[in-house]
Amino acid sequence: MSKENGNALASGDDNTETAQRASWGRPLEFILACLGYAVGLGNVWRFPYLCYRNGGGAFLIPFFLMLILVGLPIFYLELYIGQFTALGPLKAFNAISPFFTGLGYCTLMVISMISIYYMIIVAWTIFYTFMSIGGDLGWGSCENDYNSLYCYSGAYDSECRVNNTGNYTDLTYYLQKCISIGEICQLTGFEPYDGSSCWTGNETIPWYRNVNRTLASEEYYNERVLGRGDSTWENWGSIQWHLVGCLFFCWVVAFLCVIKGVQSAGKVVYFTALFPYVMLTALLIRGVTLDGAGEGILFYLTPKWETLLEARVWGDAASQIFYSFGVACGSLVTLASYNNFHNNCHFDAVFVSLTNFMTSIYAGFAIFSVLGFQAELMGVGVDDVAEQGPGLAFVVYPEALLQMPIPRLWCILFFFMMFILGLGSQFAGIEAINTAIVDRWPQFRNRYWMVTAFTCFTCFILGLPMCFSGGVYLFTLLDWNTASWAILLIGLAECTAVSWCYGINRAMRDLASMDMRLNVVIQFYWKFVWMISVPVVSLGILIFLFIEWQPPSYEGYEFPLFADLLGWGIGLSTLMFFPVGVCWALYKGYRGKELFQPTEVWKPAVKLSDQSPDPRRNPRPSEYDNLGYMM
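Residues numbered from 1 in each chain as written. Predicted model: local features only at pLDDT ≥ 70, side-chain atom pairs only at ≥ 80, totals over all residues. Heavy atoms only, no water.

Quick look at the overall build of the protein chain
Then comes step 1: Check the secondary structure of the protein chain and you find 24 helices and 9 strands.
Then comes step 2: Taken against the 2.2 N^0.38 rule, which gives 25 Å for 631 residues, the C-alpha radius of gyration of the protein chain at 26 Å falls within 12% of a compact globule.
Then comes step 3: In terms of its C-alpha atoms, the protein chain occupies a principal-axis envelope of roughly 90 × 50 × 45 Å.
Then comes step 4: The proportion of buried residues among the 631 residues of the protein chain is 60%. (Helix = DSSP H or I, 4+ residues; strand = E, 2+ residues; numbered from the N terminus. Rg over C-alpha atoms; globule rule 2.2 N^0.38 Å. Buried < 20%, exposed > 50% of the residue type's maximum accessible area, 1.4 Å probe, protein only.)

Considerations on the state of the cysteines
Then comes step 1: Applying the stated criterion across every chain yields a total of 3 disulfides.
Then comes step 2: Put simply, Cys 160 and Cys 178 are joined by a disulfide, and their sulfur atoms are 1.9 Å apart. Taking the torsion about the S-S bond as the criterion, the Cys 160 to Cys 178 disulfide, at about -80°, is left-handed. Linking Cys 160 in helix H8 (residues 154-160) with Cys 178 in strand E3 (residues 177-180), this pair joins segments that are 18 residues apart in sequence. (Disulfide = S-S within 2.5 Å.)

As for the nonpolar core
Then comes step 1: Membership of the largest hydrophobic core comes to 217 residues, with the highest contact counts inside it found for Phe 75, Tyr 80, Trp 124 and Trp 530.
Then comes step 2: A total of 19 residues in this core trace back to one element, the largest contributor, which is helix H7 (residues 103-134).
Then comes step 3: Non-local contacts of Tyr 80, meaning those with residues more than four positions away in its chain, are made with Cys 345, Val 498, Tyr 502, Ala 507, Asp 510, Leu 511, Met 514 and Trp 602. (Core = buried A, V, L, I, M, F, W, Y, C linked by side-chain atoms within 4.5 Å. Contact = heavy atoms within 4.5 Å.)

Quick look at helix H11 (residues 241-258)
Then comes step 1: Between its first and last C-alpha, H11 extends 26 Å over 18 residues, near the 26 Å set by a 1.5 Å rise per residue.
Then comes step 2: Residues of H11 that are buried: Leu 243, Val 244, Cys 246, Leu 247, Cys 250, Trp 251, Val 253, Ala 254, Phe 255, Cys 257 and Val 258.
Then comes step 3: In the core, the buried residues of H11 are packed alongside H7, helix H10 (216-225), helix H12 (262-288), helix H18 (407-440) and helix H19 (448-463). (Expected span 1.5 Å × (residues − 1).)

Describing the pairing of strand E2 (residues 171-174)
Then comes step 1: As defined by bridge partners, E2 adjoins E3 across 4 bridges and the pair is classed as antiparallel. Residue pairing across strands places Leu 171 opposite Ser 180, the latter belonging to E3.
Then comes step 2: Hairpin remark: E2 followed by E3, antiparallel, with 2 residues in the connecting loop; positive phi at Leu 175, about 55°. (Pairing = 2+ DSSP bridges.)

Structural notes on the sheet that holds strand E5 (residues 197-199)
Then comes step 1: Strand order in the open sheet formed by 3 strands is E4-E5-E6, with antiparallel pairing between adjacent strands. Two strands close off the open sheet at either side, each with one partner strand: strand E4 (191-192) and strand E6 (204-206).
Then comes step 2: Bridge count between E4 and E5: 2 bridges; the pairing is antiparallel. Bridge pairing in E5 places Pro 192 opposite Cys 198.

So, the side chain of Gln 403
Then comes step 1: Checked against the element boundaries, Gln 403 lands in the loop between helix H17 (390-402) and H18.
Then comes step 2: Exposure remark for Gln 403: the relative accessible area of 17% places this residue in the buried category.
Then comes step 3: Excluding anything up to four places from it in sequence, Gln 403 contacts Gly 154, Ala 155, Phe 373, Gln 374 and Leu 377.

Here we look at the packing of aromatic side chains
Then comes step 1: Taken as a whole and assessed by the stated rule, the structure comprises 62 aromatic pairs.
Then comes step 2: Between the aromatic rings of Phe 127 and Tyr 128, the centroid separation amounts to 6.3 Å while the plane-to-plane angle is 85°, which identifies the pairing as edge-to-face. Both residues of the pair, Phe 127 and Tyr 128, count as buried.
Then comes step 3: Centroid distance Tyr 300 to Phe 368: 5.1 Å. Interplanar angle 10°. Geometry classified as stacked. One end of the pair, Tyr 300, is in helix H13 (residues 293-301); the other, Phe 368, is in helix H16 (residues 345-378), and 68 residues separate them in sequence. For the pair Tyr 300 and Phe 368, a shared accessibility class is recorded, and that class is buried.
Then comes step 4: The rings of Tyr 117, Trp 124, Phe 127, Tyr 128, Trp 139, Tyr 220, Tyr 221, Phe 394, Tyr 397, Phe 414, Phe 415 and Phe 475 are connected pair by pair, giving a single aromatic cluster.
Then comes step 5: Between the NZ or CZ atom of Arg 440 and the centre of the ring of Trp 441, over which it lies, the distance is 5.3 Å. (Phe/Tyr/Trp six-rings, centres within 6.5 Å; stacked < 30°, edge-to-face > 60°. Lys NZ or Arg CZ within 6 Å of the ring centre and 35° of its normal.)

Notes on H12
Then comes step 1: For H12, built from 27 residues, the straight-helix expectation of 39 Å at 1.5 Å per residue is met to within 8% by its first-to-last C-alpha distance of 38 Å.
Then comes step 2: Val 268 marks where H12 bends most, by close to 40°. (Bend = angle between axes of the 7 residues up to and from the residue.)

Regarding unusual backbone geometry
Then comes step 1: Even without glycine at this site, Ala 86 takes up a positive phi of about 55°.
Then comes step 2: By the element assignment, Ala 86 lies in the loop between helix H5 (60-85) and helix H6 (89-96).
Then comes step 3: Of note in the backbone geometry, Gln 176 takes a positive phi value of approximately 60° without being a glycine.
Then comes step 4: By the secondary structure assignment, Gln 176 is in the loop between E2 and E3.
Then comes step 5: Using a relative accessible area of 35% as the deciding quantity, one classes Gln 176 as partly exposed.

With respect to the pattern of salt bridges
Two side chains of opposite charge can pair, provided their charged atoms sit close to one another.
Then comes step 1: Enumeration over the complete set of coordinates arrives at 4 salt bridges.
Then comes step 2: The residue Glu 555 makes a salt bridge to Arg 228 at a minimum N-O spacing of 3.0 Å. Pair noted here: Glu 555 is in the loop between strand E8 (553-554) and strand E9 (557-558) and Arg 228 is in the loop between H10 and H11, with a separation of 327 residues, a long-range link.
Then comes step 3: On the accessibility criterion, Glu 555 (42% relative accessible area) is partly exposed.
Then comes step 4: By relative accessible area, Arg 228 is classed as buried at 13%.
Then comes step 5: Residue Asp 515 is joined to Arg 517 by a salt bridge in which the shortest nitrogen-to-oxygen separation is 3.4 Å.
Then comes step 6: According to the relative accessible area criterion, Arg 517 is exposed, its value standing at 59%. (Salt bridge = Lys/Arg side-chain N within 4 Å of Asp/Glu carboxyl O.)

Have a look at this one:
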């Protein structure tokens, strides 16, 4: 096969693509789109938990270092690739080197899976929003059919604690009745001591340490929202039609927002990217005025420096960077491909990355001020009410909101903010899938709404299994194996393709041709992180993940071996296109150094003048600075 045939690996008319390609209405739309994509639900529920679990304020040090060494470099790298070529990830990675032909398809697999299961979370948020608007705040009740004997509600407990004085005769809500602390101590095998402790014979312990209490909001989330019941992996249960309706609603809204690609999404991002900050600010202002808020914030930020010596802390910091920034999924390449060629995406990358970092910290203040208030109401420590993942957003925080004045209003604001955060993060994923389809079949470029409809409807259908009673197990499996170790390898491959294959000096000249002429110090930084820190840190995280690997589980339910193997299959499926792409390039006739050289498709999105530093114009052998050319 000839080299020219190999250049046609990504079908479509490359000569006319740039002219036909849509673009952002103004640079601000692109920044807001990136911000809406990067700032998502993970900033609200995952970062605050990781922060307090890994040393409080001390966790900010490894998190910021991972931002500088991994997150920002890959973020900027993907913006550079997309903006320079005006190509989606399928064509761009094939063009930079035939060896990396399959890399774009790997990113497509990842973002497709994430888009499918991530919208399930968005469906949960809109269900809570609808219930809040209707006034049915059932997550604060212990009187539903599905509630257990150990159901606990702050609303009931506050009625029991009205006349408490700090003695062991103080009352609290337990076993669905008001019961004294002293009686609880005796039920758990200890002696009464005071209103907060039991006597073991040698020391005092908090009375609630050996007490099984389940928040009403947790039972509502598991039984009313998910309909989990006694479902298992083998017994999938029944379909939850309210989730089907909410999921359909979410995809319809997403379709309407992205119906014309960046031309319509560019207008919507003004709201989806900025509105959550208004809501976070309102929640923070209200939260810091509540009793116990100071304890929650103090617990959130108090540094535990000794934790910096633990490998898990650094692993969590790096994994949160990948989770929060959404890198190595192809979405950023797609968003940047609609940019003006001379847009300063260097500023965009730095601004969005630092804003994302600060938003995570800002959200932590809003979350833990309310959790401190909840801890004081329950008479427990903050560490006994904080949870990881969806439990923080759908269990603990809703319970705390019920104890605030005008709870219905705050519930509406919180869950609608979560809905907007989740929806805004989806736009880039949908756009990446659409771009891949249009790149493969250019005849649909003028019927973009049909492509969008196909993407949204297909993702909706594929998400239906997660609307069953046992759907949360499939959701957990996808989250566990998709947005973790697989994207580490994809991010590493992206940096390798640019810095070690295409050539780091060529990349610097490409940036200069886009009017991003960086000084010596900044260039040294980008060369260092793209060539060394991203590959080394990514490999280190990967090794750590596999050493500390635990099979997927959900609230104590251990998945069977078949499900665990399926999870590994899901993760590997996102990578299988890489070796397939290498084989395809070999089949097309690429051998030796040609396998690692850019094809004719890799070129600037606009025609450069003779004075422009175009690295492809008569390159001399001495300019080759990549390992692939040394073969």
